[in-house]
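If you want the building blocks of each chain, they are given just below.
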Protein chains: 2
Amino acid sequence: MDPHLLRTFVAVAEARSFSAAAERLGYTQSAVSQQIAALETDLGLPLLRRRPVEPTEAGTRLLEHAGPLLLRLRAARADVLRTAALPAHRLTLAAAPLALNPVLSARLARGRGEQPRLRVRLRTTDRDQVAAQVAAGEADLGLTDGITAPSDPLRLPDSGPMTRIGVSEEELVVALPPDHPLAGRTGLRLADLVDARWLATPLCPLERLRDLAGDGFRAGLDHQGEDVHTVRNLVAAGHGLTLLPASAGPGVPLVAPRLVHRVELLHPSLPPGPAAHLAAALSPPPS
Amino acid sequence: MDPHLLRTFVAVAEARSFSAAAERLGYTQSAVSQQIAALETDLGLPLLRRRPVEPTEAGTRLLEHAGPLLLRLRAARADVLRTAALPAHRLTLAAAPLALNPVLSARLARGRGEQPRLRVRLRTTDRDQVAAQVAAGEADLGLTDGITAPSDPLRLPDSGPMTRIGVSEEELVVALPPDHPLAGRTGLRLADLVDARWLATPLCPLERLRDLAGDGFRAGLDHQGEDVHTVRNLVAAGHGLTLLPASAGPGVPLVAPRLVHRVELLHPSLPPGPAAHLAAALSPPPS
DNA sequence: GAGGGTCCATCAGTGTTGCTTATATCAGGT
DNA sequence: ACCTGATATAAGCAACACTGATGGACCCTC
């Protein structure tokens, strides 16, 4: 169960081809073949069916483990190396599209103002990438978001130990097309909208809504990207409803159940330095 | 970052000695020395101080990662191998001391009654070992417990993906010595007890209480074991208070905040078979 | 302060591993 | 049946990771 072999196995399974994986990894096809054979011998069972290449039952199980495992390995390495890194003058902040709302933008501005020498690179990525990037050391700080009950933590993919601080909670609104019969309301209940058509988008996953408010929530259009602007255009064109934080645009406030758009700051254990300072600036001021 | 090296590193750090670790692992001292050197070269920084042997800052960080990482590696292997295992006639159930309460004992009895051929081995272990044993395949099913708000999941150490089902929630009582002035009450509020002396025991960690009910909860006696019988004796002798599930003995019901003793069933993804059957038997009957 | 003991680092030697290149084998399409 | 695009196997070689022996640092003792 050498991580080296695991990495190769993942590559083969993804590419559905030994030769393609070999090229991608910079090996010969023969090496890949031997590596897979070694894994299979070690575990004592076949992991891949050949021609076409696809994972067996056991291989599927291993694939589920391999990703997180390799991620944690990278996280461990990044964490160790960070202890030796000099306090840098530049750092990277990874943020999900809806995470950097006006409040946090303002705090970020203030934090940067206090450290004029610090160069900040902001990288907007998909929500589930934020934690992984922070864990792997590709970003120094991360901001993710999601929909939860007030003061409940977000559900994040497991990426190893890291500090999580809730930094913002905001009212949710139901985004509706302007001519929608409910658009004039002053408040809406989620239960009244289970039968409406909803946008299926990572920004507001229907699965999460079903968790929180029961079954229903038929998918209208299935939207894969995490671009807020596009989503709002889709809503306006009547493709379906969605929930957005109030600051992301007009909509009818969601009054029940009590749900909020929560933003969390993620970072590995930080030595004192610019990163820690910026993290403090992004955190809510102690009341 | 070969797991092999990681394992050696952990052994050395634990033994605080290269030679002792070498003996324990079945290597020569020279091999261990080279392995550590390889790790340090790879990461580019010293992980251990020598004479006496103790982890550096970076080494400490790596140690925190190494344990979970190796555990997950074992979990992955166990999970893959399980796909090939024939349905066994014997299985191991790991349970924390307070997890197998009367309700669950009864369900276990019923489950066993339905599968007379099945030999069940019950292993009572420390609470934080249960998840690890299930993940590593040393136990087929696990029962852990803890104190939470009703229907909130437990906080478990990360041991990789596994199924978690809440199987029992029970009222909590404050265990008091019989002659305690509050012993006659019909209900107690946790807030009224922050200034009392509490037993510090893994069965009811004071840290958790502070999380749930604010600061306070001074430690009286610090008890390391997880033996319920002993704890009750300590309480009776006036060493301090503690919370127990109602079924674990007499006490004054805790009325606020709303907290419960929750038991969760842990298992890896189970193929249909005796283990899955027993898991179903332990789960609460669908209402 | 010299000597012995303990412990880790280093070196040389050796068996094993894990790659590359070359070739065999297999499944499917024509 | 043959060709094609694919994976498996064989042989060779370089790098690696052990063992055993030796060297050097520290500690304890006398």
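Residues numbered from 1 in each chain as written. Chains lettered and ligands numbered in written order. Predicted model: local features only at pLDDT ≥ 70, side-chain atom pairs only at ≥ 80, totals over all residues. Heavy atoms only, no water.

### Some details on the domain arrangement of chain A
Residue and element names in this part refer to chain A. So the rule is basically this: In this document the domain limits rely on a domain assignment from an automatic tool or a database. In what follows, a contact means two residues having at least one pair of non-hydrogen atoms within 4.5 Å. Buried area is a sum: the accessible area each of two parts loses on coming together, probed at 1.4 Å, counted once for each and added. Put simply, a salt bridge is a Lys or Arg side-chain nitrogen that is within 4 Å of an Asp or Glu carboxyl oxygen. Residues adjacent in sequence count toward polar contacts only when both atoms are side-chain atoms; beyond that, a polar contact is any pair of N or O atoms within 3.5 Å, and within protein one must be able to donate a hydrogen and the other to accept it. Just so you know the grouping, Ala, Val, Leu, Ile, Met, Phe, Trp, Tyr, Cys and Pro go in nonpolar, Asp, Glu, Lys and Arg go in charged, and all remaining residues, Gly too, go in polar.
Each assigned domain of chain A is listed here: domain 1 (3-82), domain 2 (90-167 + 263-282) and domain 3 (169-259). Put simply, the middle of domain 1 and the middle of domain 2, counted by C-alpha atoms, are 31 Å apart. At the junction of the two partners, domain 1 supplies seven residues and domain 2 supplies eleven residues. When the two sides are added together, the surface that domain 1 and domain 2 hide from each other amounts to roughly 780 Å², 57% of it contributed by carbon and sulfur. Contact with domain 2 buries area across many residues of domain 1, yet Leu71, Arg72 and Arg82 alone supply 62% of it, more than any other trio. Between the two partners, domain 1 and domain 2, sit one salt bridge. Its salt-bridge partner being Arg74, residue Glu138 comes within 3.8 Å of it at the nearest N-O pair. On the surface where domain 1 and domain 2 come into contact, there are zero residue pairs in polar contact (both at pLDDT 80 or more). Among the residues making up the side of domain 1 that touches domain 2, the classes are represented as three nonpolar, no polar and four charged.

### Focus: the packing of helix H1 (residues 3-15) of chain B against helix H3 (residues 29-43) of chain B
When two helices pack together, you describe them by how their axes are tilted relative to each other and by the distance separating the axes. Residue and element names in this part refer to chain B. Note the threshold: Axis lines are fitted through C-alpha atoms, for helices just across the contact stretch, and the angle between N-to-C directions can take any value from 0 to 180 degrees. Starting at the N terminus, helices and strands are each numbered in turn, a helix being any DSSP run of H or I of at least four residues and a strand any DSSP run of E of at least two. Roughly parallel means an angle under 35 degrees; roughly antiparallel means over 145; roughly perpendicular covers 65 to 115; every other angle is labelled oblique. The sense of a crossing depends on the near helix, which, turned anticlockwise from the far helix by less than a right angle, makes the crossing left-handed and, turned clockwise, makes it right-handed.
It is the contact of H1 with H3, at a shortest axis distance of 9 Å, that shows an interaxial angle of 110°. When the axis of H1 is compared with that of H3, the two are roughly perpendicular. In this structure, H1 crosses over H3, and the sense of that crossing is left-handed. Contact with H1, carried on its side by His4, Leu5, Leu6, Thr8, Phe9 and Val12, involves Val32, Gln35, Ile36, Ala38 and Leu39 of H3 and no other residues of that element. Taken together, the residues that form the contact of H1 with H3 break down as eight nonpolar, three polar and no charged.

### A few points about the protein's contact with DNA strand D
We count it as follows: Neighbouring residues are identified by heavy atoms, a residue being near a molecule or strand if any of them is within 4 Å of it.
DNA strand D sits among 18 residues. The nearest are Phe18, Ser19 and Arg50 of chain A together with Thr28 and Ser30 of chain B. Across the atoms of DNA strand D situated within 4 Å of the protein, the share located in sugar and phosphate is 50%. Between Ser30 of chain A and DNA strand D, the recorded distance is 2.9 Å, taken from a side-chain N or O atom to a base oxygen. Between DNA strand D and the protein, one listed contact pairs a base oxygen with a side-chain N or O atom of Gln34 of chain B at 3.0 Å. Put simply, the parts of the chain that give the surface near DNA strand D at least two residues each are helix H2 (18-25) and helix H3 (29-43) of chain A together with H3 of chain B.

### Overview of the pairing of strand S11 (residues 252-256) of chain A
Residues and elements named next belong to chain A. Counted only if it meets this: Two strands make a pair as long as DSSP finds a minimum of two bridges between them.
Pairing geometry for strand S6 (residues 163-175) and S11, over two bridges, is antiparallel. Among the inter-strand pairings, Val174 is bridged to a residue of S11, identified as Val252. Bridging between strand S7 (residues 188-189) and S11 involves two bridges; their strand directions are parallel. Its bridge partner being in S11, Arg189 is matched across the sheet by Ala256.

### Some points on helix H9 (residues 274-282) of chain B
Residue and element names in this part refer to chain B. The test is simple: The cut-offs for exposure are 20% and 50% of the maximum accessible area for each residue type, with area from a 1.4 Å probe on protein chains only; residues under the lower value are buried, those over the upper are exposed, and the others partly exposed. As used here, the arc belongs to the directions running from the helix axis to the C-beta atoms.
Buried residues of H9: Pro274, Ala275, Leu278, Ala279, Ala281 and Leu282, and no others. Take H9 and look down its axis: the buried residues cluster within an arc of 160°, on one side only. Contact partners of the buried residues in H9: strand S3 (90-95), helix H5 (102-114), strand S4 (119-124), strand S5 (141-148), strand S6 (163-175) and strand S12 (260-267).

### Focus: the relation of the copies chain A and chain B
So the rule is basically this: When the copies are superposed, the least-squares fit draws on C-alpha atoms of residues that have pLDDT of at least 70 in both.
After a rotation of 179° and a shift along the axis of 0.2 Å, chain A superposes on chain B with an RMSD of 0.2 Å. Both copies of the chain, as the preceding transformation shows, are related through a two-fold rotation axis. Of all interface residues in chain A, 100% are interface residues in chain B too; the two copies therefore contact each other through one and the same surface.

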